Amino acid sequence: MPDITLHRTHRTRLLQIWRSAGWPCRDPVEIDLLAAGMVRLAEEPGGHEVLRLTDAGIACLAEARRRGARALSLHDRLAMRFSGQLLAAGRIVWRELSLRAAVDAPPAPGVPALAVPPPTGLWSAGEDGEDGDLPPPAVARVWRVARPDLFSIRNTSVPSYLQPMVHEVKASRADLLSDLRHAAKREAYQWLCEECYYVFPAGVAEPEEIPEAFGVWVLHGPVESGRFELLRPARHARCPLPFAVWMALCKATPLHADGEPAQALLGAGDEGMPPGAGEPAGAGLLQPDGSPQPAAQP
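Residues numbered from 1 in each chain as written. Predicted model: local features only at pLDDT ≥ 70, side-chain atom pairs only at ≥ 80, totals over all residues. Heavy atoms only, no water.

An account of the pattern of salt bridges is requested, with residue identities and associated values reported.
Under the criterion given, the structure shown has 16 salt bridges. In this structure, D27 and R13 form a salt bridge, with 2.8 Å as the shortest nitrogen-oxygen distance. Of this pair, D27 sits in the loop between α1 (8-19) and α2 (28-35) while R13 is found in helix α1, placing the two residues 14 residues apart along the sequence. For the pair D27 and R13, one class covers both residues: buried. The salt bridge involving E96 is made with R147; its shortest N-O contact spans 3.6 Å. You can see E96 sitting in the loop between β3 (91-95) and β4 (99-104) and its partner R147 sitting in the loop between β5 (141-146) and β6 (150-154), a full 51 residues away along the chain. Of the residues examined, E96 reaches a relative accessible area of 34% and is grouped as partly exposed. Under the relative-accessibility criterion, R147 is labelled partly exposed at 48%. (Salt bridge = Lys/Arg side-chain N within 4 Å of Asp/Glu carboxyl O. Helix = DSSP H or I, 4+ residues; strand = E, 2+ residues; numbered from the N terminus. Buried < 20%, exposed > 50% of the residue type's maximum accessible area, 1.4 Å probe, protein only.)

Structure follows, in C-alpha coordinates:
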(Lines give C-alpha, C1' and ligand atoms only; values in the text may rest on other atoms or scores of the structure.)
Protein backbone atom coordinates (compact mmCIF):
# COMPACT_ATOMS: atom_id res chain seq x y z
CA MET A 1 0.00 0.00 0.00
CA PRO A 2 1.49 3.37 -0.97
CA ASP A 3 2.42 5.85 1.75
CA ILE A 4 -0.06 8.70 1.23
CA THR A 5 -0.09 11.77 3.44
CA LEU A 6 -3.61 12.82 4.32
CA HIS A 7 -4.40 16.51 4.51
CA ARG A 8 -7.37 18.54 5.66
CA THR A 9 -9.09 18.02 2.31
CA HIS A 10 -8.98 14.26 2.79
CA ARG A 11 -10.37 14.42 6.32
CA THR A 12 -13.15 16.72 5.16
CA ARG A 13 -14.09 14.24 2.43
CA LEU A 14 -14.04 11.38 4.93
CA LEU A 15 -16.50 13.27 7.12
CA GLN A 16 -18.72 14.01 4.11
CA ILE A 17 -18.78 10.32 3.16
CA TRP A 18 -19.58 9.36 6.76
CA ARG A 19 -22.55 11.75 6.84
CA SER A 20 -23.91 10.89 3.38
CA ALA A 21 -25.10 7.91 1.41
CA GLY A 22 -21.57 7.45 0.05
CA TRP A 23 -22.09 8.23 -3.62
CA PRO A 24 -18.61 8.35 -5.20
CA CYS A 25 -17.28 11.49 -6.89
CA ARG A 26 -14.41 9.61 -8.58
CA ASP A 27 -11.96 12.47 -8.18
CA PRO A 28 -8.27 12.48 -7.10
CA VAL A 29 -9.21 12.90 -3.42
CA GLU A 30 -11.14 9.64 -3.46
CA ILE A 31 -8.27 7.92 -5.26
CA ASP A 32 -5.97 8.90 -2.39
CA LEU A 33 -8.48 7.70 0.22
CA LEU A 34 -8.97 4.37 -1.56
CA ALA A 35 -5.21 3.86 -1.93
CA ALA A 36 -4.65 4.70 1.76
CA GLY A 37 -7.27 2.19 2.83
CA MET A 38 -9.51 4.82 4.46
CA VAL A 39 -12.53 3.94 2.33
CA ARG A 40 -13.64 1.00 0.22
CA LEU A 41 -16.00 0.53 -2.69
CA ALA A 42 -19.06 -1.54 -1.84
CA GLU A 43 -21.68 -2.82 -4.27
CA GLU A 44 -25.29 -2.22 -3.23
CA PRO A 45 -28.14 -4.66 -4.01
CA GLY A 46 -29.21 -2.43 -6.89
CA GLY A 47 -25.85 -2.93 -8.59
CA HIS A 48 -24.43 0.56 -7.99
CA GLU A 49 -21.25 1.27 -6.05
CA VAL A 50 -20.98 3.38 -2.92
CA LEU A 51 -18.13 4.37 -0.64
CA ARG A 52 -17.91 3.04 2.90
CA LEU A 53 -15.39 4.03 5.57
CA THR A 54 -13.02 1.32 6.75
CA ASP A 55 -11.87 0.91 10.35
CA ALA A 56 -8.81 2.97 9.47
CA GLY A 57 -10.99 5.79 8.13
CA ILE A 58 -13.14 5.84 11.26
CA ALA A 59 -10.02 5.88 13.43
CA CYS A 60 -8.68 8.81 11.39
CA LEU A 61 -11.87 10.81 11.98
CA ALA A 62 -11.86 9.99 15.68
CA GLU A 63 -8.25 11.14 16.06
CA ALA A 64 -8.99 14.38 14.19
CA ARG A 65 -11.96 14.99 16.51
CA ARG A 66 -9.77 14.45 19.59
CA ARG A 67 -7.18 16.88 18.27
CA GLY A 68 -9.89 19.45 17.60
CA ALA A 69 -11.27 19.05 21.13
CA ARG A 70 -7.82 19.59 22.64
CA ALA A 71 -7.34 22.69 20.48
CA LEU A 72 -10.39 24.37 21.99
CA SER A 73 -9.52 27.09 24.44
CA LEU A 74 -10.58 26.99 28.08
CA HIS A 75 -13.16 29.66 27.29
CA ASP A 76 -14.70 27.61 24.46
CA ARG A 77 -14.80 24.42 26.51
CA LEU A 78 -16.39 26.23 29.44
CA ALA A 79 -19.00 27.81 27.16
CA MET A 80 -19.86 24.49 25.55
CA ARG A 81 -20.09 22.78 28.93
CA PHE A 82 -22.50 25.39 30.29
CA SER A 83 -24.54 25.36 27.09
CA GLY A 84 -25.14 21.67 27.76
CA GLN A 85 -26.65 22.59 31.11
CA LEU A 86 -28.97 25.10 29.45
CA LEU A 87 -30.01 22.56 26.82
CA ALA A 88 -30.72 20.01 29.53
CA ALA A 89 -32.99 22.58 31.18
CA GLY A 90 -35.10 22.72 28.02
CA ARG A 91 -33.81 26.02 26.64
CA ILE A 92 -32.90 26.89 23.04
CA VAL A 93 -29.30 28.11 22.96
CA TRP A 94 -27.21 30.09 20.47
CA ARG A 95 -23.48 30.82 20.68
CA GLU A 96 -21.77 34.11 19.81
CA LEU A 97 -24.67 35.73 18.00
CA SER A 98 -24.11 39.22 16.62
CA LEU A 99 -27.07 41.19 17.94
CA ARG A 100 -27.84 44.90 17.70
CA ALA A 101 -28.66 46.55 21.01
CA ALA A 102 -29.58 50.12 21.90
CA VAL A 103 -27.54 51.68 24.70
CA ASP A 104 -27.69 55.05 26.41
CA ALA A 105 -25.02 57.28 24.93
CA PRO A 106 -25.28 61.02 25.57
CA PRO A 107 -23.81 62.71 22.49
CA ALA A 108 -20.54 64.57 22.65
CA PRO A 109 -20.76 68.35 22.29
CA GLY A 110 -21.61 69.22 18.71
CA VAL A 111 -22.09 65.57 17.66
CA PRO A 112 -25.74 64.47 17.24
CA ALA A 113 -26.62 61.00 18.47
CA LEU A 114 -28.61 58.48 16.50
CA ALA A 115 -31.98 58.29 18.22
CA VAL A 116 -33.25 54.74 18.66
CA PRO A 117 -36.83 53.79 19.60
CA PRO A 118 -37.39 51.59 22.66
CA PRO A 119 -37.51 47.81 22.16
CA THR A 120 -40.82 46.63 20.77
CA GLY A 121 -42.04 43.06 21.12
CA LEU A 122 -43.04 40.95 18.15
CA TRP A 123 -46.62 40.92 19.44
CA SER A 124 -48.53 44.15 19.95
CA ALA A 125 -50.26 45.05 23.20
CA GLY A 126 -53.41 43.10 23.88
CA GLU A 127 -52.44 39.92 21.98
CA ASP A 128 -50.77 38.25 24.94
CA GLY A 129 -52.02 40.31 27.84
CA GLU A 130 -48.81 42.24 28.27
CA ASP A 131 -48.34 45.93 28.80
CA GLY A 132 -48.29 48.32 25.87
CA ASP A 133 -45.37 50.21 24.41
CA LEU A 134 -42.53 51.09 26.72
CA PRO A 135 -41.99 54.76 27.56
CA PRO A 136 -39.51 56.61 25.36
CA PRO A 137 -35.90 56.69 26.61
CA ALA A 138 -34.88 59.59 28.82
CA VAL A 139 -31.64 60.09 26.87
CA ALA A 140 -30.57 59.55 23.29
CA ARG A 141 -29.57 56.02 22.36
CA VAL A 142 -27.18 54.55 19.86
CA TRP A 143 -26.90 51.12 18.32
CA ARG A 144 -24.17 48.78 19.51
CA VAL A 145 -23.34 45.27 18.25
CA ALA A 146 -23.22 42.80 21.12
CA ARG A 147 -21.90 39.24 20.90
CA PRO A 148 -22.98 37.34 24.02
CA ASP A 149 -21.25 34.02 24.55
CA LEU A 150 -24.57 32.25 25.15
CA PHE A 151 -28.04 33.55 24.33
CA SER A 152 -31.02 31.36 25.20
CA ILE A 153 -34.80 31.37 25.43
CA ARG A 154 -37.31 28.91 26.80
CA ASN A 155 -38.78 26.38 24.39
CA THR A 156 -42.34 27.66 24.62
CA SER A 157 -45.16 28.98 22.46
CA VAL A 158 -46.22 31.62 25.00
CA PRO A 159 -44.44 34.95 24.37
CA SER A 160 -44.44 35.98 28.02
CA TYR A 161 -42.69 32.71 29.01
CA LEU A 162 -39.69 33.09 26.69
CA GLN A 163 -37.42 34.52 29.42
CA PRO A 164 -34.44 35.45 27.21
CA MET A 165 -31.10 35.09 29.02
CA VAL A 166 -27.49 36.07 28.34
CA HIS A 167 -24.58 34.14 29.85
CA GLU A 168 -21.12 35.69 29.55
CA VAL A 169 -18.34 33.15 30.02
CA LYS A 170 -15.01 34.27 31.48
CA ALA A 171 -12.12 31.84 31.80
CA SER A 172 -9.71 34.15 33.67
CA ARG A 173 -9.80 37.08 36.07
CA ALA A 174 -8.13 39.37 33.53
CA ASP A 175 -10.86 38.63 30.98
CA LEU A 176 -13.55 39.29 33.58
CA LEU A 177 -12.08 42.59 34.77
CA SER A 178 -11.66 43.75 31.18
CA ASP A 179 -15.34 43.08 30.54
CA LEU A 180 -16.44 44.85 33.73
CA ARG A 181 -14.69 48.03 32.62
CA HIS A 182 -17.09 48.42 29.67
CA ALA A 183 -20.43 49.64 31.03
CA ALA A 184 -21.90 50.02 27.52
CA LYS A 185 -21.23 46.36 26.80
CA ARG A 186 -23.08 45.28 29.94
CA GLU A 187 -25.95 47.62 29.10
CA ALA A 188 -26.23 46.03 25.66
CA TYR A 189 -26.56 42.59 27.26
CA GLN A 190 -29.31 43.84 29.57
CA TRP A 191 -31.19 45.40 26.65
CA LEU A 192 -31.32 41.98 24.97
CA CYS A 193 -32.55 39.81 27.83
CA GLU A 194 -34.47 39.56 31.07
CA GLU A 195 -31.63 38.02 33.08
CA CYS A 196 -27.87 38.25 32.55
CA TYR A 197 -25.22 36.05 34.18
CA TYR A 198 -21.46 35.73 34.39
CA VAL A 199 -20.02 32.21 34.31
CA PHE A 200 -16.42 31.57 35.40
CA PRO A 201 -14.31 29.01 37.33
CA ALA A 202 -14.45 29.18 41.10
CA GLY A 203 -11.85 31.52 42.55
CA VAL A 204 -11.72 33.90 39.60
CA ALA A 205 -13.81 36.53 41.42
CA GLU A 206 -16.18 37.01 44.32
CA PRO A 207 -19.89 37.74 43.75
CA GLU A 208 -19.43 41.16 45.41
CA GLU A 209 -17.14 42.19 42.53
CA ILE A 210 -19.91 41.66 39.96
CA PRO A 211 -22.59 44.35 39.44
CA GLU A 212 -25.71 43.57 41.46
CA ALA A 213 -27.96 43.25 38.42
CA PHE A 214 -25.93 40.29 37.12
CA GLY A 215 -26.15 36.73 38.37
CA VAL A 216 -23.09 34.58 39.07
CA TRP A 217 -22.44 30.94 38.13
CA VAL A 218 -19.15 29.28 39.11
CA LEU A 219 -17.58 25.99 38.09
CA HIS A 220 -16.02 23.79 40.77
CA GLY A 221 -13.41 21.41 39.40
CA PRO A 222 -12.26 20.58 35.85
CA VAL A 223 -14.26 21.83 32.87
CA GLU A 224 -15.10 18.34 31.63
CA SER A 225 -16.35 16.93 34.96
CA GLY A 226 -16.82 19.89 37.31
CA ARG A 227 -20.00 21.03 39.03
CA PHE A 228 -21.77 24.35 38.37
CA GLU A 229 -23.12 26.33 41.32
CA LEU A 230 -25.40 29.36 41.26
CA LEU A 231 -23.93 31.84 43.74
CA ARG A 232 -26.36 34.66 43.02
CA PRO A 233 -29.48 34.90 40.84
CA ALA A 234 -29.74 37.71 38.34
CA ARG A 235 -32.15 40.58 38.74
CA HIS A 236 -35.20 39.92 36.60
CA ALA A 237 -36.35 42.73 34.31
CA ARG A 238 -39.27 42.31 31.90
CA CYS A 239 -37.93 42.59 28.36
CA PRO A 240 -39.91 41.75 25.20
CA LEU A 241 -37.61 40.52 22.47
CA PRO A 242 -36.98 43.28 19.91
CA PHE A 243 -37.88 42.45 16.33
CA ALA A 244 -34.22 42.76 15.24
CA VAL A 245 -33.31 40.00 17.71
CA TRP A 246 -36.08 37.78 16.34
CA MET A 247 -34.68 38.20 12.83
CA ALA A 248 -31.18 37.29 14.02
CA LEU A 249 -32.50 34.17 15.75
CA CYS A 250 -34.37 33.13 12.61
CA LYS A 251 -31.17 33.27 10.56
CA ALA A 252 -28.95 31.53 13.15
CA THR A 253 -28.67 27.84 14.02
CA PRO A 254 -29.14 26.87 17.67
CA LEU A 255 -26.91 24.40 19.45
CA HIS A 256 -27.86 20.74 19.79
CA ALA A 257 -27.00 18.33 22.55
CA ASP A 258 -24.50 15.59 21.67
CA GLY A 259 -27.03 12.83 22.33
CA GLU A 260 -29.96 14.51 20.62
CA PRO A 261 -31.33 12.07 17.98
CA ALA A 262 -31.85 14.62 15.21
CA GLN A 263 -32.20 11.84 12.61
CA ALA A 264 -33.23 8.97 14.84
CA LEU A 265 -36.11 7.87 12.62
CA LEU A 266 -34.25 8.03 9.29
CA GLY A 267 -33.42 4.55 8.04
CA ALA A 268 -34.24 3.01 11.44
CA GLY A 269 -36.66 0.47 10.03
CA ASP A 270 -39.47 -0.86 12.16
CA GLU A 271 -37.53 -0.30 15.39
CA GLY A 272 -37.40 3.45 14.83
CA MET A 273 -41.01 3.88 13.76
CA PRO A 274 -43.61 5.29 16.09
CA PRO A 275 -46.28 2.92 17.43
CA GLY A 276 -48.82 2.04 14.76
CA ALA A 277 -46.68 3.29 11.86
CA GLY A 278 -46.87 1.08 8.82
CA GLU A 279 -50.16 -0.50 9.91
CA PRO A 280 -53.26 -0.18 7.76
CA ALA A 281 -55.79 2.49 8.66
CA GLY A 282 -58.23 1.20 11.29
CA ALA A 283 -55.88 -1.49 12.58
CA GLY A 284 -56.54 -2.21 16.24
CA LEU A 285 -60.15 -0.96 16.11
CA LEU A 286 -63.04 -3.23 17.09
CA GLN A 287 -66.38 -3.77 15.41
CA PRO A 288 -69.65 -3.10 17.34
CA ASP A 289 -69.85 -6.80 18.29
CA GLY A 290 -66.36 -6.71 19.81
CA SER A 291 -64.59 -8.66 17.03
CA PRO A 292 -61.49 -7.17 15.34
CA GLN A 293 -61.74 -5.33 12.07
CA PRO A 294 -61.18 -7.57 9.01
CA ALA A 295 -57.90 -7.11 7.17
CA ALA A 296 -58.05 -4.80 4.17
CA GLN A 297 -58.07 -6.56 0.82
CA PRO A 298 -55.21 -5.67 -1.58
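Residues and numbers for the pairing of strand β8 (residues 195-201), please.
Counted residue by residue, β8 has 7 buried out of 7 residues, so it is predominantly covered. When strand β7 (residues 165-169) meets β8, the two strands line up parallel, connected through 5 bridges. The residue of β8 that forms the bridge with M165 is E195. The sheet contact formed by β8 and strand β9 (residues 215-220) spans 5 bridges and is parallel. Counted as the bridge partner of P201 is L219 from β9. (Pairing = 2+ DSSP bridges.)

Give me the environment of R11: which residues, what numbers.
The residue R11 is located in helix α1 in this model. Owing to a relative accessible area of 26%, R11 belongs among the partly exposed residues under this scheme. With 27 residues separating them along the chain, R11 and M38 place their C-alpha atoms 9.8 Å apart. Excluding its chain neighbours within four sequence positions, the residues that come into contact with R11 are L6, C60, L61, A64 and R67. (Contact = heavy atoms within 4.5 Å.)

Summarise the side chain of D149; cite the residues concerned and give the values.
Here D149 shows up in the loop between β5 and β6. Among the polar contacts listed, one links the side chain of D149 to the backbone nitrogen of V169, at a separation of 2.8 Å. Ignoring any residue separated from it by four or fewer positions in sequence, one finds D149 in contact with H75, W94, R95, E96, H167, E168 and V169. (Polar contact = N/O pair within 3.5 Å; in protein donor to acceptor, adjacent residues only side chain to side chain.)

If you had to explain the pairing of strand β10 (residues 227-232) to someone new, which residues and values would you point to?
As paired elements, β9 and β10 share 5 bridges and run antiparallel to each other. By the bridge assignment, V216 is partnered in β10 with R232. Hairpin connection of β9 to β10: 6 residues between the antiparallel strands, including G221 at a positive phi of 95°.

Describe a nonpolar patch on the surface, naming the residues involved and giving the relevant values.
Residues L15, W18 and I58 make up a contiguous nonpolar surface patch of roughly 290 Å² in combined accessible area. Examined against the element boundaries, L15 turns out to sit in helix α1. On the basis of relative accessible area, L15 is assigned to the partly exposed category, the value being 32%. (Patch = residues over 30% accessible without salt bridge, like charges linked within 9 Å, V, L, I, M, F, W, Y side chains within 5 Å. Areas by Shrake-Rupley, 256 points an atom, 1.4 Å probe, with all protein chains shown as cover.)

Requested: an account of the packing of aromatic side chains, with residues and values cited.
By convention here, two paired aromatic rings are described through the distance between centres and the angle between planes. On inspection of all chains with the given rule, the structure shows 5 aromatic pairs. With centroids separated by 5.0 Å and ring planes inclined at 85°, the aromatic side chains of F82 and F228 adopt a geometry described as edge-to-face. Note that F82 is positioned in helix α4 (residues 74-88) and F228 in strand β10, a separation of 146 residues in sequence. Look at F82 and you get buried, because its relative accessible area is 1%. Between Y198 and F214, the ring centres sit 5.4 Å apart and the planes meet at 35°, which makes this aromatic pair tilted. On the criterion of sequence distance, the pair formed by Y198 in strand β8 and F214 in the loop between β8 and β9 is long-range, its members being 16 residues apart. You'll find Y198 and F214 in the same group, each marked buried. Joined through ring pairs, the aromatic side chains of F82, W217 and F228 make up one cluster. The lysine or arginine in question, R100, covers the ring of W143, its NZ or CZ lying 4.2 Å from the ring centre. (Phe/Tyr/Trp six-rings, centres within 6.5 Å; stacked < 30°, edge-to-face > 60°. Lys NZ or Arg CZ within 6 Å of the ring centre and 35° of its normal.)

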